[in-house]
Amino acid sequence: MTRNNLLLLALFVVLAFVPQIFTDGYVRHLFIIAFIYAIIASNWNLSLGHCGIFNFGHMTFFGIGVYTAAILTKTAGVNPWLAIPACAVTAAISAVIMAAPVARLKGIYVVLVTFAVNQLMVQLVLSQADLTGGAKGLVRLPFLTIGDYSFIRDYKLGYYYLALILLALSTAFLILVAGSPFGKSLKAVRDAEDYATARGISVARTRISVLVLSAIFTGIAGGFYTVYLRVASPEVFGFGTMSLVLSMVLIGGINSVLGPVIAALALTFASEAMAGIGGFEDARYIVIAVAMILVLRLAPGGLIQILERLAPTGQKPATPTRSPA
Amino acid sequence: MNDTILEVVDASKHFAGLKAVNGVSFGVTRGEILGIAGPNGSGKSTLFNLITGVPFGPTSGEIRFQGQRIDRWPAHRIARAGLARTFQKDAEFPDLTADETLLICGTYNGQLGRVAARTRSDEVLGLVGFADTRRGIPSRNLSVYEKKQLMIASGLMSRPAVLMLDEPASGLTKPEIENLDRLLVAVNASGVTVLLIEHVLSLLLSISQRLIVLNQGSVLAEGNPAEVVRNEAVITAYLGGRKQ
């Protein structure tokens, strides 16, 4: 087991005991939101960091999950326990649709197409108000229960552990993917596309596959998010949420699984702490932006690179040598 | 029996008005070492690109490999069919170790499982003389010669029928070039047909059984290496004519 994976394991053990320490619903709520962000950020990192696809449409997969769960539970009356996994399927299908044009594009064109798909989804949600609730969204969705036990009880204890389990499953999935020959081929495609092709790797197929894989847990996170908050609104496709999650990826460290998870936890709580300081509510976004610039400038490998500098393993940290395509 | 393993028929690549490769035709006999020479910009690397489809195929003409027309195939399919090539630049996966590089080459190109890929890695790294102690180091930290060894080893993972080398001696010291000479002869002796683009004439002439010289995208001369290098047109193309 690598040092980073050991750190992750230790982190999850600590997180499992957090509800024993923090018993109020608000702190647990912050952890739940941080776990959701951690899932989105670490899965975004799979396509952005590992494969070098500058995918600005990753939040689309999250939004698809949000609206899949919301429509299934609110309109179709599907049990939330079934609606949440269904989000993986719809998000993966949307990834295939997005990947088709992206697979053969490079650079700024990838950004433009993926961002356009994201905007297209916003318009679709707004225009199909009968189904999606339009700009008002869908509210008062059914919450999770097991028998007579509602997850909203016990200061969100059930939601906390379910979010933690989802993050653990997502992280295990990402470690498995990153460690597989397919995971190694992502870095090959990112760093030397021609060389990879000349060794039998289909660049287009690799890009499609990684977008689909990165969409699965992001969609599930979207489904869980909307069932937890009991609301679905078009804001989930917005630039603000996207910027926050992107900063988690970049500050945490692209090219690692652990980095974005740590950054999601740190930024969620840092942002909340700054919001509590009078007159600092909006300035916190400036602070996060400055932090992102400083990290990119001083340690392009992110928090993970800083950790590795503090406790070197004898090998150079794995930072990408090229900008994402 | 026709023993031509690779055939290039009237292949051209035009970029707007530039004819990078213009109506090139030649055949490669199974098991030979074919040298390809020519001044900078003569179309040597572009010719390799057209044959392998990486990153582009020909504008016109045909490429036939083991009897099949491959010039419209996707490049990764051409590689999997048994045409392996190396590059002058971007010749590494910087984040991947030698073991990881060979694992993916064995998996994708050779269609091997993990265990079979590991066994084949041992074979090819032994063949190219790559030190075992360097197998776990990210490629970006390898020396120029080690990177060249690894690139050749990665090409051999799938047991290709043809290995195409694009200036493998560039940036190497004299002893390393001598090692490379022995390595390429050993690779060829194992049954792999070799196409070699090289500016280091000592290497090219020492191992090539036949030589093609390109100039301005066309074949200028072809034949026995010793005779081709005495060809007046070749001397003029390379040196601008004999010194008086």
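The rules we used
- Residue numbering note: each chain is counted from 1, following its sequence as written.
- Numbering of ligands from 1 and lettering of chains from A proceed in the order in which they are written.
- In view of the model being predicted, local features appear only for residues whose pLDDT reaches at least 70, and side-chain atom pairs are presented and counted only at 80 or more, with totals across whole chains, interfaces and linings using the full set of residues.
- Excluding hydrogens and water, the side-chain values take into account all heavy atoms of the structure.
- Secondary structure follows DSSP: runs of H or I at least 4 residues long count as helices, runs of E at least 2 residues long count as strands, and numbering of each begins at the N terminus.
- It is over C-alpha atoms that the radius of gyration is taken, and the globule rule equals 2.2 Å times the number of residues to the power 0.38.
- In this charge count, Lys and Arg are treated as positive and Asp and Glu as negative; neither His nor the chain ends contribute.
- In plain terms, the charge of a residue is placed at NZ if it is Lys, CZ if Arg, CG if Asp and CD if Glu.
- Residue ranges for the domains trace back to a domain assignment, done automatically or taken from a database.
- For this analysis, residues touch if any pair of their heavy atoms sits within 4.5 Å.
- As a working definition, buried area equals the accessible area (1.4 Å probe) given up by two parts on being put together, with both sides summed.
- Two N or O atoms form a polar contact when they lie within 3.5 Å of each other; inside protein one atom must be a possible hydrogen donor and the other a possible acceptor, and for residues adjacent in sequence the pair counts only when both atoms belong to side chains.
- Think of it as three bins: nonpolar holds Ala, Val, Leu, Ile, Met, Phe, Trp, Tyr, Cys and Pro, charged holds Asp, Glu, Lys and Arg, and polar takes everything else, Gly as well.
- If DSSP finds at least two bridges between two strands, the strands pair.
- Axis lines are fitted through C-alpha atoms, for helices just across the contact stretch, and the angle between N-to-C directions can take any value from 0 to 180 degrees.
- Two rings from Phe, Tyr or Trp (for Trp, the six-membered ring) form a pair when their centres sit within 6.5 Å of each other. Planes less than 30 degrees apart are called stacked, planes more than 60 degrees apart edge-to-face, and all others tilted.
- In this scheme, a residue with accessible area under 20% of its type's maximum is buried, one over 50% is exposed, and one in between is partly exposed, where area comes from a 1.4 Å probe on protein chains only.
- Geometrically, a charge over a ring is one whose NZ (Lys) or CZ (Arg) sits within 6 Å of the ring centre while staying within 35 degrees of the ring normal.
- By salt bridge we mean one thing: a side-chain nitrogen of Lys or Arg within 4 Å of a carboxyl oxygen of Asp or Glu.
- Only residues whose relative accessible area exceeds 30% and that take part in no salt bridge are eligible for patches, with like-charged residues grouped when within 9 Å of each other and nonpolar side chains (Val, Leu, Ile, Met, Phe, Trp, Tyr) grouped when within 5 Å.
- Only the protein chains shown count as cover for residues, and all accessible areas are computed by the Shrake-Rupley method using a 1.4 Å probe.
- Here the word oblique covers every angle except those under 35 degrees (roughly parallel), over 145 (roughly antiparallel) and from 65 to 115 (roughly perpendicular).
- By convention, the crossing between two helices is left-handed when the near helix turns anticlockwise from the far helix through less than a right angle, and right-handed when the turn is clockwise.
- By definition here, a helix of n residues has an expected span of 1.5 Å times n minus one.
- Relevant arc is that of directions from the helix axis to the C-beta atoms, nothing else.

1. Describing the overall build of chain B
When helices and strands are counted, chain B shows nine helices and 10 strands. In terms of overall size, chain B behaves like a compact globule, its C-alpha atoms giving a radius of gyration of 18 Å where 244 residues would be expected to give roughly 18 Å. Dimensions along the principal axes, computed over C-alpha positions, put chain B at roughly 55 × 40 × 40 Å. For chain B, the distance from the average site of its 26 positive side-chain charges to the average site of its 24 negative ones is 3 Å.

2. Brief notes about the domain arrangement of chain B
Residues and elements named next belong to chain B. Looking at the assigned domains, one finds that chain B contains domain 1 (1-82 + 161-244) and domain 2 (89-159). Taking only C-alpha atoms into account, the centre of domain 1 sits 24 Å from that of domain 2. With 18 residues of domain 1 in contact, the opposing surface of domain 2 contributes 11 residues. In this assembly, domain 1 packs against domain 2 so that about 1200 Å² is buried in total across both faces, 67% of it on carbon and sulfur atoms. Contact with domain 2 buries area across many residues of domain 1, yet R80, L163 and L183 alone supply 38% of it, more than any other trio. Where domain 1 touches domain 2, the interface holds five residue pairs in polar contact (both at pLDDT 80 or more). If you tally residues by element for the side of domain 1 that touches domain 2, the top one is helix α6 (residues 174-189), at seven residues. A class-by-class count of the residues in the side of domain 1 that touches domain 2 yields 12 nonpolar, three polar and three charged.

3. Here's the deal with the sheet that holds strand β7 (residues 162-166) of chain B
Residues and elements named next belong to chain B. Judged by pairing direction, the sheet is mixed, and its six strands sit side by side in the order β6-β7-β8-β3-β9-β10 without closing on themselves. With one partner strand each, in any of the chains shown, β6 (83-85) and β10 (218-223) form the two edges of the open sheet. Put simply, the sheet's adjacent strands are angled 20° from each other on average, direction ignored. In the sheet, strand β9 (residues 210-215) pairs with β10 via five bridges, with the strands oriented antiparallel. The partner of L211 across the bridge, within β10, is G223. Each of β3 (33-37), β6, β7, β8 (193-197) and β9 touches helix α1 (residues 44-52); the most contacted strand, β7, lies at about 150° to it.

4. Structural notes on the packing of aromatic side chains
What the rule picks out here adds up to 20 aromatic pairs over all chains. Taking 5.5 Å as the distance between ring centres and 75° as the angle between the ring planes, the aromatic pair formed by W81(A) and F151(A) counts as edge-to-face. With a gap of 70 residues between them, W81(A) in helix α4 (residues 80-102) and F151(A) in the loop between β3 (149-150) and α7 (153-179) connect regions that are remote in the sequence. Taking relative accessible area as the criterion, W81(A) reaches 32% and is therefore assigned partly exposed. For F151(A), a relative accessible area of 7% gives the class buried. Members of the aromatic cluster, each reached through a chain of ring pairs, are F22(A), F31(A), F35(A), Y160(A), Y161(A) and F269(A). Lying across the ring of W73(B), R77(B) places its NZ or CZ 3.7 Å from the centre.

5. Focus: the interface of chain A and chain B
Residue-level contacts link 30 residues of chain A with 34 residues of chain B. For the pairing of chain A and chain B, the buried interface totals around 2500 Å² over both sides, and the portion due to carbon and sulfur atoms is 60%. On the chain A side of the interface with chain B, the three residues burying the most area are P181(A), Y195(A) and R199(A), jointly 30% of the side's total. At the boundary of chain A with chain B, the tally comes to two salt bridges. The salt bridge involving E100(B) is made with K184(A); its shortest N-O contact spans 3.0 Å. Our count for the contact surface shared by chain A and chain B stands at 10 residue pairs in polar contact (both at pLDDT 80 or more).

6. A word on a nonpolar patch on the surface
On the surface, a cluster of nonpolar side chains totalling about 390 Å² of accessible area is made up of L6(A), L9(A), V13(A) and F17(A). Turning to its location among the elements, V13(A) is positioned in helix α1 (residues 3-21).

7. Digging into the pairing of strand β1 (residues 4-15) of chain B
Put simply, side chains in a regular strand alternate between the two faces of the sheet. Residues and elements named next belong to chain B. Here β1 runs beside strand β2 (residues 18-29); their pairing, made up of eight bridges, is antiparallel. The residue bridging K13 from the neighbouring strand is V21, located in β2. In this structure, the hairpin formed by β1 and β2 is closed by a connection of two residues, where A16 is found at a positive phi of approximately 50°. Bridge count for β1 against strand β4 (residues 60-65) is five bridges, and the pairing is antiparallel. Looking at the pairing, E7 lines up with R64 of β4.

8. Quick word on the sheet that holds β2(B)
Two strands in a sheet stick together by hydrogen bonds in their backbones, pointing the same way (parallel) or opposite ways (antiparallel). Spatial strand order, β2-β1-β4-β5 (chain B): four strands in an open sheet with antiparallel pairing. At either margin of the open sheet sits one strand with a lone partner, and together these are β2 and β5 (68-69) of chain B.

9. Some points on the pattern of salt bridges
Residues and elements named next belong to chain B. Per the stated rule, a full pass over the model turns up 23 salt bridges over all chains. Measuring nitrogen to oxygen at the nearest pair gives 3.4 Å for the salt bridge that ties R159 to E123. Placement of the pair is R159 in the loop between α5 (144-156) and β7 and E123 in helix α4 (residues 114-128), with a sequence separation of 36 residues. By relative accessible area, E123 is classed as partly exposed at 38%. Several salt bridges converge on common partners, so that one network encompasses E62, R64, R69, D71 and R72.

10. Description of the packing of helix α11 (residues 239-252) of chain A against helix α13 (residues 283-298) of chain A
Residue and element names in this part refer to chain A. At their nearest, the axes of α11 and α13 sit 9 Å apart, and the two run at 30° to each other. The angle between the axes of α11 and α13 places the two elements in the roughly parallel class. Between α11 and α13 lies a crossing whose hand is left-handed. On the side of α11, the interface is formed by L244, S247, L250 and I251, while α13 contributes I288, A291, M292, V295 and L296. Residue classes in the contact of α11 with α13 are distributed as eight nonpolar, one polar and no charged.

11. Observations concerning the environment of R210(B)
Residues and elements named next belong to chain B. For R210, the location among the structural elements is in strand β9. Classification of R210 by relative accessible area gives buried; the value is 17%. For the pair R210 and L47, spaced 163 residues apart in the sequence, the C-alpha separation amounts to 17 Å. If we ignore the near neighbours within four places in the chain, the residues touching R210 are G27, V28, T29, E32, I33, L34, G35, E222, G223 and P225.

12. Some details on α6(B)
All names here are of chain B. Look at α6: 23 Å from first C-alpha to last across 16 residues, which is about the 22 Å you get at 1.5 Å a residue. Where α6 is concerned, the buried positions are I177, L180, L183, L184, V187 and N188. The buried residues of α6 occupy one face: seen down the axis, they fall within an arc of 130°. Exposed side chains of α6 directed beyond 90 degrees from the buried face belong to P175, R182 and A189. In the core, the buried residues of α6 are packed alongside β3, α4, α5, β7, β8 and α7 (201-207). Immediately beyond the C-terminal end of α6, within one or two residues, lies G191, with a positive phi of roughly 105°.

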